[in-house]
Amino acid sequence: MQPTRSPATHEVDLLVIGAGAGGMAAALAASLMGLEVLVCEKAAQVGGTAATSAGTIWIPGNRQSREAGFEDSADAARRYLDGLLADPADGRALREVYLARGPAVVDWFAERSEVRFVPCGRHPDYLDRDGAAVSGRALVAAAYDGRRLGAAFADVRPPIPEFMVFGGMMVGKDDIPRLVNRFASVANFMHAARLFARYVGDRLRHPRGTRLVMGNALVARLYASLLQRKVPVRLGTRLESLSSENGRVTGARLRDGQDVFEVRARRGVVLATGGFARDAASRQRWMPVPAPVDSMAVPSDTGDGIAAALAAGAQASGRSHGSGAFWTPASRTGRDTSKGQWAGLFPHLSLDRAKPGLIAVNGAGRRFANEADSYHHFIEAMFASHARTPPIPAWLVCETRFVQTYGLGAIHPGTTDLRPHLLAGCFVAAPSLGHLAQAMNVDAAGLAETVARHNRFAETGVDEDFRKGHSELNRFNGDPAHGPNPCIGRIGDGPYCAMAVWPAEIACSSGLETDAQARVLDAAGQPMPGLYACGNDLASIMRGTYPGPGTTLGPALVFGFLAAEHAASQPAEVDTPAERTDAATAATTAAESLTA
Ligand SMILES: Cc1cc2nc3c(=O)[nH]c(=O)nc-3n(C[C@H](O)[C@H](O)[C@H](O)COP(=O)(O)OP(=O)(O)OC[C@H]3O[C@@H](n4cnc5c(N)ncnc54)[C@H](O)[C@@H]3O)c2cc1C
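Since the structure is predicted, the reported quantities are computational estimates derived from the model, not experimental observations. (Residues numbered from 1 in each chain as written. Predicted model: local features only at pLDDT ≥ 70, side-chain atom pairs only at ≥ 80, totals over all residues.)

**Focus: the overall build of the chain**
What counts here: Labels follow the DSSP assignment, with helices taken as runs of H or I lasting at least four residues and strands as runs of E lasting at least two, numbered in each case from the N terminus. Backbone-placed C-beta atoms define the burial measure: a residue is buried with 20 or more other C-beta atoms within 10 Å of its own, exposed with 12 or fewer, and partly exposed in between. It is the C-beta atoms, placed from the backbone, that decide contacts: two residues are in contact if theirs lie within 7 Å.
For the chain, the count of helices and strands is 17 helices and 22 strands. With respect to the principal axes defined by its C-alpha atoms, the chain has extents near 80 × 55 × 50 Å. Each of the 596 residues in the chain was classed as buried or not, and the buried ones make up 55%. For the chain, the share of sequence-separated contacts (at least 6 apart) that also reach a separation of at least 24 residues comes to 74%.

**So, the site of the ligand**
We count it as follows: Using the backbone to place each C-beta atom, any residue with that atom within 6 Å of a molecule or strand is considered near it. These domain boundaries are the output of an automatic or database domain assignment.
By nearness alone, 43 residues border the ligand, and Gly-18, Gly-20, Gly-48, Gly-274 and Gly-535 come closest of all. Contributing elements (two or more residues each) for the shell around the ligand: helix H1 (21–32), strand S11 (238–245), strand S20 (496–508) and helix H16 (553–569). Three or more residues apiece are contributed to the shell around the ligand by two domains, here domain 1 (11–234 + 545–588) and domain 2 (247–324 + 508–533).

**Digging into the domain arrangement of the chain**
Put simply, the test is: In this classification, the charged set is Asp, Glu, Lys and Arg, the nonpolar set is Ala, Val, Leu, Ile, Met, Phe, Trp, Tyr, Cys and Pro, and all remaining amino acids, among them Gly, are polar.
Domain annotation of the chain identifies domain 1 (11–234 + 545–588), domain 2 (247–324 + 508–533) and domain 3 (326–505). One C-alpha centre belongs to domain 1, the other to domain 3; they are set 31 Å apart. Each side of the interface is counted separately: domain 1 has 11 residues, and domain 3 has 15 residues. In terms of residue class, the side of domain 1 that touches domain 3 is made up of 6 nonpolar, 2 polar and 3 charged.

**Thoughts on the pairing of strand S22 (residues 527–533)**
The condition is simple: The rule for pairing is simple: two strands pair if DSSP sees at least two bridges between them.
Of all the 7 residues making up S22, 5 are buried; the element is thus mostly covered by neighbouring parts of the structure. Of the pairings in the sheet, the one linking strand S13 (residues 259–271) to S22 comprises 3 bridges and is parallel in character. When the sheet's bridge partners are listed, Val-270 is paired in S22 with Tyr-532. Here 2 bridges tie strand S21 (residues 519–521) to S22, and the two strands are oriented antiparallel to one another. Among the inter-strand pairings, Leu-521 is bridged to a residue of S22, identified as Pro-527. Between S21 and S22, which follow one another and run antiparallel, lie 5 residues, and Gly-525 among them has a positive phi close to 85°.

**What about the sheet that holds strand S3 (residues 56–58)?**
Formally: Only the stretch in contact is used when a helix axis is fitted, and all axes are lines through C-alpha atoms; the angle between N-to-C directions ranges over 0 to 180 degrees.
Within the open sheet, the 3 strands sit side by side as S3-S5-S4. Their pairing is antiparallel. Looking at strand neighbours, the two that pair on one side only are S3 and strand S4 (117–119), the edges of this open sheet. Sheet twist, expressed as the average angle between the axes of neighbouring strands with direction ignored, equals 35°. For S4 and strand S5 (residues 138–141), the ladder comprises 3 bridges, and the chain directions are antiparallel. Bridging from a neighbouring strand, Pro-119 pairs with Leu-139 of S5.

**Brief notes about the pairing of S20**
Most of S20 sits out of view: 11 of its 13 residues are buried. Here 2 bridges tie strand S14 (residues 294–295) to S20, and the two strands are oriented parallel to one another. By the bridge assignment for S20, Asp-294 is matched with Ala-504. Sheet analysis places strand S15 (residues 325–332) next to S20, joined by 6 bridges and oriented antiparallel. Counted as the bridge partner of Pro-329 is Pro-503 from S20. Taken together, the 6 bridges between strand S18 (residues 394–399) and S20 define a ladder with antiparallel strand orientation.

**What to know about the environment of Met-296**
If you trace the backbone, Met-296 turns up in the loop between S14 and helix H9 (304–311). Classification of Met-296 by C-beta neighbours within 10 Å gives buried; the count is 21. Along the primary structure Met-296 and Glu-505 are separated by 209 residues, whereas in three dimensions their C-alpha atoms are 5.9 Å apart.

**Concerning helix H14 (residues 444–460)**
Keep this limit in mind: Each residue after the first adds 1.5 Å to the expected span of a helix.
If you check H14, its first and last C-alpha atoms are 25 Å apart, about what 17 residues at 1.5 Å a residue would give, namely 24 Å. Backbone geometry just downstream of H14 places Gly-461 in the positive-phi region, at approximately 85°.

**Things to note about the packing of H1 against helix H7 (residues 214–228)**
Condition: If an angle is under 35 degrees, it is roughly parallel; if it is over 145, roughly antiparallel; if it lies from 65 to 115, roughly perpendicular; otherwise it is oblique. Should the near helix be turned counterclockwise from the far one by less than a right angle, the crossing is left-handed, whereas a clockwise turn marks it as right-handed.
One way to put it is that H1 packs onto H7 with a least axis distance of 10 Å and a crossing angle of 30°. One element, H1, and the other, H7, form an angle in the roughly parallel class. Classified by chirality, the crossing of H7 by H1 is left-handed. Contacts from Ala-21, Met-24, Ala-25, Ala-27 and Leu-28 of H1 reach H7 at Leu-218, Val-219, Leu-222, Tyr-223, Ser-225 and Leu-226. Partitioning the contact of H1 with H7 into residue classes produces 10 nonpolar, 1 polar and no charged.

**Side note on the confidence of the model for the chain**
The line we're drawing: Values of pLDDT, ranging from 0 to 100, describe the predictor's confidence in every residue of the model.
Of all residues in the chain, 93% attain a pLDDT of 70 or more, and the chain-wide mean is 92. Predicted confidence for residues 575–581 stays below pLDDT 50, and this span has 4 contacts to residues more than four positions away or in other chains.

**Digging into the environment of Arg-129**
Note that Arg-129 resides in the loop between S4 and S5. Along the backbone, Arg-129 and Gly-83 are 46 residues apart, and their C-alpha atoms lie at a distance of 7.4 Å. In this structure Arg-129 touches Tyr-80, Gly-83 and Leu-84, once residues within four positions along its chain are discounted.

**Quick look at unusual backbone geometry**
Cis geometry is found at the peptide bond from Gly-483 to Pro-484, where omega equals 0°. Turning to its location among the elements, Pro-484 is positioned in the loop between helix H15 (472–477) and S20. The linkage connecting Gly-494 with the following residue, Pro-495, adopts the cis geometry, with an omega of 0°. In this model, Phe-166 sits at a positive phi of 55°, which is unusual for a non-glycine residue. Locating Phe-166 in the fold gives a position in the loop between strand S7 (164–165) and strand S8 (169–170). Even without being glycine, Lys-230 reaches a positive phi, approximately 60°.

Below, the structure is given as structure tokens:
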């Protein structure tokens, strides 16, 4: 497959800005509906933060899970969401269309392109509330063979180094227990051997492994589908500003190096530049004060789409989304930044915090949260308690044997020699709790009391302070072989170690207000003709709440599709050549096939 790049396409039906999950979904849907599309991507590779993500989408009532035996319904999800939101009326129209059409949109892509998902099976929602599901809602992108992209494989942004082993092999969530326990069964050993043999073969020809999983599989699937349809994707080309005529967005001014040019868009422009994560001023404006400085987003997500839309008169959600983003605790990994990589962060999403034998403490050496809660809720607790006793950074405290058993941050389970990580400054270690407290610069008496109290909870299995282990999610990420509580284990006589974690967002929540067809709204709440947003440029339909896994990529795909569908249903702003597909008819057909 050869990438098709358009050097000078100056008029198209739909101009899509940003080749992450949202932008490529919008472009693919529009192309499948018969529109002439141009995608412009600021970075040298496609994929954005989506390429570095876990690639899970939260689609209540999806067919794939139902067929695998996991029942769920949009009604239950609606009750669940309504229970989470302070004001369920806020954004309801967008959530309704998401619930109503999400499953069909996923099927629509699967039937027409490479974009396919498989059920995660058991993958609990993040809060135990009425309507929450333990299984059936989460889908993950099916693994993809990067070799199928040919030379265009090089165009796909790799995952962060911390998510790969042996310097380039991707490991999916399902692979981890099989690799860690590779000597426990013949099946595990064969699985590990196959992955390794494939990887060795890959490295003879490719800069990294070609078995793509999670978010990297998702973006490779989107990109491969665009290339199959010969949709031009201009890399290294960024949006500078939007162009308008008579109150309608008619295109954009773009920059490719020194080359600045205009593209006219007959049916509209889709903003999908990944949100404001890397724009310091927007972080101050929309995040908790003082705004956290760490971000898991790719460096090119600097809020360009939002800024251009605001300059054209759009409306943003402002501070109405709680903490303005979806958060994770992240440790700093001492990554080698000399090769142009941005500073290393490891997101503590699900592998370590819920395991027995770990606590998180603040500057007073005291716990401040249920360590096993979702990454987002853990950080919300961190923000809430920071005003009283600074837990930023917080410390994850455990014995070194915990690290060897379960891993800690970027240190994989089974690692016997922790010294390289210690030397890189990833954690501190000490033979006694007193010395550890000194190394962490936290109150030693407080830490000793906290550990003693926690060890009493380990015996009874009941966390009287923060209810660690109480929820489906807590137990799902705990150790099922440990009792009486799979999330609480005694912290013994050492040696000990502690890793500092800071809040870092995996996605922005605040963004441009849109209607349920992804049309950007102006200051008066009216749709701006010709302007759409999706992905994190669109204010999250969850309004700052975090219901479950896949809360941003699911809406990115669905609202990317909806933007394309609406654009395709519109008359072209300038005459469309007769030989071009009748896009309005194609969009109507798409809508009919989804509501059938
Ligand atoms: C470790 C991690 C795990 C995650 N796991 C999940 C998960 O499992 N499920 C989930 O739902 N979410 C997950 N997320 C969040 C998810 O990755 C993001 O919400 C998602 O990628 C946002 O998609 P997007 O298309 O808006 O932005 P992106 O994927 O970041 O794409 C935006 C693109 O726009 C480009 N761009 C920026 N400015 C311009 C410009 N001026 N002109 C042209 N192009 C521009 C950028 O270079 C980038 O390529 C995870 C995030 C992280 C960090």
